[in-house]
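# Observations on chain architecture
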2 protein chains.
Amino acid sequence: MGVLVVGSVALDSIRTPHGLVQDALGGSASYFSLAARHFTPVQVVAVVGEDFPPASLALLRACGVDTAGLATVPGRTFRWSGEYDADLGYARTLATELNVFAGFHPSLSGEQRRARTLFLANIDPELQLEVLEQAERPALIACDTMNYWIDAKREVLLDVLRRVDVCLLNDAEARQLSGEAQLPRAARSLLDMGMRRLVIKKGEHGALFFSPDDRFFCPAFPHENLVDPTGAGDSFAGGFLGYLDRAAGAGAPPFRQAMVCGTAMASLCVEAFSPERLARATLEEIAERVRAVRALAHVPEMDLWA
Amino acid sequence: MGVLVVGSVALDSIRTPHGLVQDALGGSASYFSLAARHFTPVQVVAVVGEDFPPASLALLRACGVDTAGLATVPGRTFRWSGEYDADLGYARTLATELNVFAGFHPSLSGEQRRARTLFLANIDPELQLEVLEQAERPALIACDTMNYWIDAKREVLLDVLRRVDVCLLNDAEARQLSGEAQLPRAARSLLDMGMRRLVIKKGEHGALFFSPDDRFFCPAFPHENLVDPTGAGDSFAGGFLGYLDRAAGAGAPPFRQAMVCGTAMASLCVEAFSPERLARATLEEIAERVRAVRALAHVPEMDLWA
């Protein structure tokens, strides 16, 4: 059992209307693993430079994340900086320094190859393919990406997306990849292109799940005190795949319930800068948030023209 | 029992990527009444000019709408024209001709004053006040408005909104009225300003319901063949208030179920130009759409860390 994530561990500098942080723990694999580890064991494969703060490594380990696959190599850690406007919608990227990430080629150990669930976080689709070729038939594979790869490596990316069980995209990426302006048409087009299942994340507007035989909508938790949206998508993926891995083997994968868990973890993530809130969340807090998200869209019985 | 709507009956000229119509039946009261009449008796108070097509009047009557309050006066009928881009989001208004609507002052008959449910559609808030003063204590009053009145008559509008049971706004109007960029904060601010309950309509992203003791989210029906979004908000109001009027007297108002009915009627409305789809919808089709909307966000039982 357990989830393997291959992605980035980074140092983020972020400004939102609530304040700013400098060189805080970030990266897709950090957010993902600190969310997923509440549900199931997590192994990380990523790379950092020699300047990676020992305290950040200690935090991941203290949270039970298996960091055996987190290589430290000469050079500086991947850095990202961005800022948000008052509506806390999409980030404006100020700078991306790949640093040691530029030479990253994931190499999986025997234990990592045998993970039951695999998450290919947002990295070069050619690296995602390298991981797929090393993995030993995981029960479930999910994949994320970004606008840059949709533009720059469309064909390789499509190859990856057709080979995984669930593609996680945001609304802009789903539109860009499909060429359709309306999301339900974009989803149809992506399924027609050979993707098996889609999760389309819409930030404050919730998330959609599409498969050939189901359509599901999960509302976002209506935060009044959003602090920093960074990492919400990867935290969603962590809750989503963590729950699915935990439930694996007990019949059809419970995708709807997993969407609720993803939404709950994303909503905790955005209450603080960096994955700090995910690190200190208790199981009771998570269960309470899951209940709250589930209750948001619950409709009692109704009679029509009774 | 029954709903009274005071609003506009208009002739619309609309262009969408699916085609165009010229001088088609439109206006808030038309869409509202053709949606609500599936649930409960509807009376309309509005004004048209001598050029109003007999076929449109006949359509309203054939659908069972009580048009005794639809005055015909010398002059031309209110006209609106607009167009939509490929994403079929918000309308771009090309022209508004008030015509006979400029001199409209609603005067309610005895039967109209005694309606159990009252909908103040989007008209000058001073006219909405005139209607409130004539109504004889309806069980439920709901009110719509638009960006123009929020700018031009903010204080009168706030007076109206504080006096009604449910305020229906779209997301942009909620932000404009509250001055808050994030919707959950906008909703909190509007409740703090004295509004009792809020429905915030977000088009393709669904609709939110806020009261001091509940928050509910209803997804939009994921259309792949959206034809014309005009009237979706008023159709929503028609399904919402029609259902509430039908259910009146049987305990606490079933707002969540009413949101589903509103969503179902809006989703039927946008399948064709003008309120044509609302006019020909059958109870079976409506019940099926209500079931589909309800199923969209249904989450089966889930165990966490069982």
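Right above here is the structure, for reference.
In short, a report on the structure.

Reading guide: rules and limits
Residues numbered from 1 in each chain as written. Chains lettered and ligands numbered in written order. Predicted model: local features only at pLDDT ≥ 70, side-chain atom pairs only at ≥ 80, totals over all residues. Heavy atoms only, no water. Salt bridge = Lys/Arg side-chain N within 4 Å of Asp/Glu carboxyl O. Buried < 20%, exposed > 50% of the residue type's maximum accessible area, 1.4 Å probe, protein only. Helix = DSSP H or I, 4+ residues; strand = E, 2+ residues; numbered from the N terminus. Axes fitted to C-alpha atoms, helices over the stretch in contact; angles between N-to-C directions. Parallel < 35°, antiparallel > 145°, perpendicular 65-115°, else oblique. Left-handed = near helix turned anticlockwise from the far one by under 90°. Contact = heavy atoms within 4.5 Å. Nonpolar A, V, L, I, M, F, W, Y, C, P; charged D, E, K, R; others polar. Pairing = 2+ DSSP bridges. Buried area = accessible area lost by both parts, 1.4 Å probe. 1 Å grid on protein atoms, 1.4 Å probe; cavity = no way out; pocket = protein on both sides within 12 Å on 5 of 7 lines; lining within 4 Å. Points joined across faces, edges and corners; volume = space filled by probe spheres on them.

Throughout the structure, instances matching the rule amount to 41 salt bridges over all chains. The salt bridge partner of A:Arg277 is A:Glu271, with a shortest N-O separation of 2.9 Å. Classification of A:Arg277 as buried rests on a relative accessible area of 7%. Of the residues examined, A:Glu271 reaches a relative accessible area of 21% and is grouped as partly exposed. Measuring nitrogen to oxygen at the nearest pair gives 2.8 Å for the salt bridge that ties B:Arg79 to B:Asp51. Here B:Arg79, found in strand β6 (residues 79-83), pairs with B:Asp51, found in the loop between β4 (42-49) and α2 (54-62); they are 28 residues apart in sequence, far enough to count as distant. Here the salt bridges do not stand alone but share partners, grouping A:Glu271, A:Arg277, A:Glu285 and A:Arg289 into one network.

This next bit is on the packing of helix α7 (residues 171-178) of chain B against helix α8 (residues 183-192) of chain B. Packed helices, taken two at a time, are described by their axes: the angle between them and the distance between them. Residues and elements named next belong to chain B. With their axes 9 Å apart at the nearest point, α7 and α8 run at an angle of 55 degrees to one another. With respect to their mutual orientation, α7 and α8 come out oblique. As α7 runs across α8, the sense of the crossing is left-handed. Between α7 and α8, the residues in contact are Asp 171, Ala 174, Arg 175, Leu 177 and Ser 178 and Leu 183, Ala 186, Ser 189 and Leu 190, respectively. By residue class, the composition of the contact of α7 with α8 is five nonpolar, two polar and two charged.

Residues and elements named next belong to chain A. Taking strand neighbours across the sheet as the criterion, the nine strands line up as β5-β4-β1-β8-β9-β10-β11-β12-β13 in an open arrangement whose pairing is mixed. Two strands bound the open sheet, and with one partner strand each, they are β5 (66-73) and β13 (214-218). Pairs of neighbouring strands in the sheet enclose a mean axial angle of 15 degrees, with direction left out of account. Of the strand pairs in this sheet, strand β4 (residues 42-49) and β5 are connected by six bridges, and their pairing is parallel.

The subject of this paragraph is the side chain of A:Ser13. All names here are of chain A. Following the sequence through the fold, Ser 13 ends up in strand β2 (residues 10-16). Assessed through its relative accessible area of 14%, Ser 13 is described here as buried. Aside from chain neighbours lying at most four places away, what touches Ser 13 is Val 21, Gln 22, Asp 23, Trp 80, Ser 81 and Gly 82.

Across the boundary between the two partners, chain B contributes 48 residues, which contact 48 residues of chain A. Carbon and sulfur atoms supply 56% of the area that chain B and chain A bury against each other, a total of about 4600 Å² over both sides. Its largest share of buried area at the contact with chain A, chain B owes to B:Glu224, B:Arg294 and B:Trp305, together 18% of the area lost on that side. Viewed at the interface, chain A and chain B are joined by six salt bridges. Across the salt bridge formed by A:Glu301 and B:Arg294, the nearest N and O atoms sit 3.6 Å from each other. At the level of elements, α8, β13 (214-218), α9 (232-247), α10 (255-269) and α12 (283-296) of chain B are the ones that each hand at least two residues to the side of chain B that touches chain A.

A separate point is empty space enclosed by the protein. All chains considered together, the criterion is met by two cavities of 30 Å³ or more. For the largest cavity, the calculated volume is near 50 Å³. In this structure, the largest cavity is lined by A:Pro219, A:Ala220, A:Pro222, A:Leu296, B:Leu208, B:Phe209, B:Phe210, B:Arg215, B:Phe216 and B:Phe217. By residue class, the composition of the lining of the largest cavity is nine nonpolar, no polar and one charged. There is about 30 Å³ of room inside the second largest cavity. A:Ala297, A:Val299, B:Phe216, B:Phe217, B:Cys218, B:Pro219, B:Val260, B:Val293, B:Arg294 and B:Ala297 together form the lining of the second largest cavity. Elements with a contribution of two residues or more to the lining of the second largest cavity: β13 and α12 of chain B. Broken down by element, the residue count for the lining of the second largest cavity peaks at three residues, all from β13(B). For the lining of the second largest cavity, the residue count by class is nine nonpolar, no polar and one charged.

All names here are of chain B. A volume near 350 Å³ is recorded for the second largest pocket. By residue number, the principal contributor to the lining of the second largest pocket is α12, which donates five residues. Considered class by class, the residues forming the lining of the second largest pocket number 11 nonpolar, two polar and five charged.

Residues and elements named next belong to chain B. Overall, mixed pairing links the nine strands, which are arranged β5-β4-β1-β8-β9-β10-β11-β12-β13 in an open sheet. Whereas interior strands pair on both sides, the edge strands pair on one side only; in this sheet they are β5 (66-73) and β13. Taken over all neighbouring pairs, the strand axes of this sheet differ in orientation by 15 degrees on average, direction set aside. Pairing between strand β9 (residues 140-144) and strand β10 (residues 166-170): three bridges, direction parallel. When the bridges of β10 are listed, Asp 144 appears paired with Leu 168. On top of the sheet, α9 reaches β1 (3-6), β8 (117-120), β9, β10, β11 (198-201) and β12 (207-211); it is set at about 165 degrees to β8, its chief contact.

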